[in-house]
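Summary of the model geometry
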Amino acid sequence: TLVLTPLQPDGEPAPIDGEPTYELDSEDFATLIVEDGVTKVVAGEVEGSSVLTVRADVRLGEQVSLREKSFELIVAEEASNLEVSLADLSYAGVE
């Protein structure tokens, strides 16, 4: 299960506008599954790696200010699932 925790520079929670987006550069080694608003990464059956990119709009309102974070997911033969916690997306504030 992917957990997104946007934070302000002081470590306080920050709002995001809309839903974050999750993208894999290749679904040969892992797959994203969305069920009931929850996004999960499921390892494939072959070894390899994929890059997971998460994007969120941190500016409330009509203007858009995207923040992006990428992770390399490595699938080894013995992997049964992958867990990623995204707790370091920082909120830069709105001017």
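The structure under discussion appears in the preceding block.
Described below are features of the structure shown in this document. (Residues numbered from 1 in each chain as written. Predicted model: local features only at pLDDT ≥ 70, side-chain atom pairs only at ≥ 80, totals over all residues. Heavy atoms only, no water.)

1. As for the overall build of the chain
To keep it simple, the criterion reads: In DSSP terms, a helix is any run of H or I states spanning at least four residues, a strand is any run of E spanning at least two, and both are numbered starting from the N terminus. Categorising residues by exposure relies on relative accessible area from a 1.4 Å probe, with only protein chains included: less than 20% of the type maximum marks a residue as buried, more than 50% marks it as exposed, and the intermediate range marks it as partly exposed. The contact criterion used is simple: two residues touch if any of their non-hydrogen atoms lie within 4.5 Å. The protein chains shown are the only cover counted for residues, whose accessible areas, like all others here, come from Shrake-Rupley with a 1.4 Å probe.
When its secondary structure is counted, the chain shows zero helices and seven strands. Taken from N to C terminus, the helices and strands of the chain fall in the order β-β-β-β-β-β-β. Among the 95 residues that make up the chain, the fraction classed as buried is 29%. Relative to all contacts within the chain whose residues are 6 or more apart in sequence, the contacts with residues 24 or more apart total 51%. If you sum the accessible surface of the chain, you get close to 6200 Å²; carbon and sulfur atoms cover 46% of it.

2. Topic: the pattern of salt bridges
Pairs can form between side chains of opposite charge once their charged atoms are near each other. What counts is decided by this rule: Definition used for salt bridges: Asp or Glu carboxyl oxygen within 4 Å of a side-chain nitrogen of Lys or Arg.
The final tally for this structure, using the stated rule, is two salt bridges. The partner of Glu23 in a salt bridge is Arg55, and the shortest N-O contact between them spans 3.1 Å. Highlighted residues: Glu23 in strand β2 (residues 17-24) and Arg55 in strand β5 (residues 48-57), separated in sequence by 32 residues. Residue classification places Glu23 among the partly exposed residues on the basis of a relative accessible area of 42%. Accessibility expressed as a relative area gives 23% for Arg55, which makes it partly exposed.

3. Quick word on the pairing of strand β4 (residues 38-43)
Cut-off, in case you're wondering: Strands were regarded as paired on the criterion that DSSP finds at least two bridges between them.
By the alternation rule, side chains of β4 split into Thr39, Val41 and Ala43, which are all buried, and Val38, Lys40 and Val42, of which none is buried. Sheet topology places strand β3 (residues 30-35) next to β4; six bridges connect them, and they run antiparallel. When the sheet's bridge partners are listed, Ile33 is paired in β4 with Lys40. Linking β3 to β4, which pair antiparallel, is a turn of two residues; within it Asp36 sits at a positive phi near 55°.

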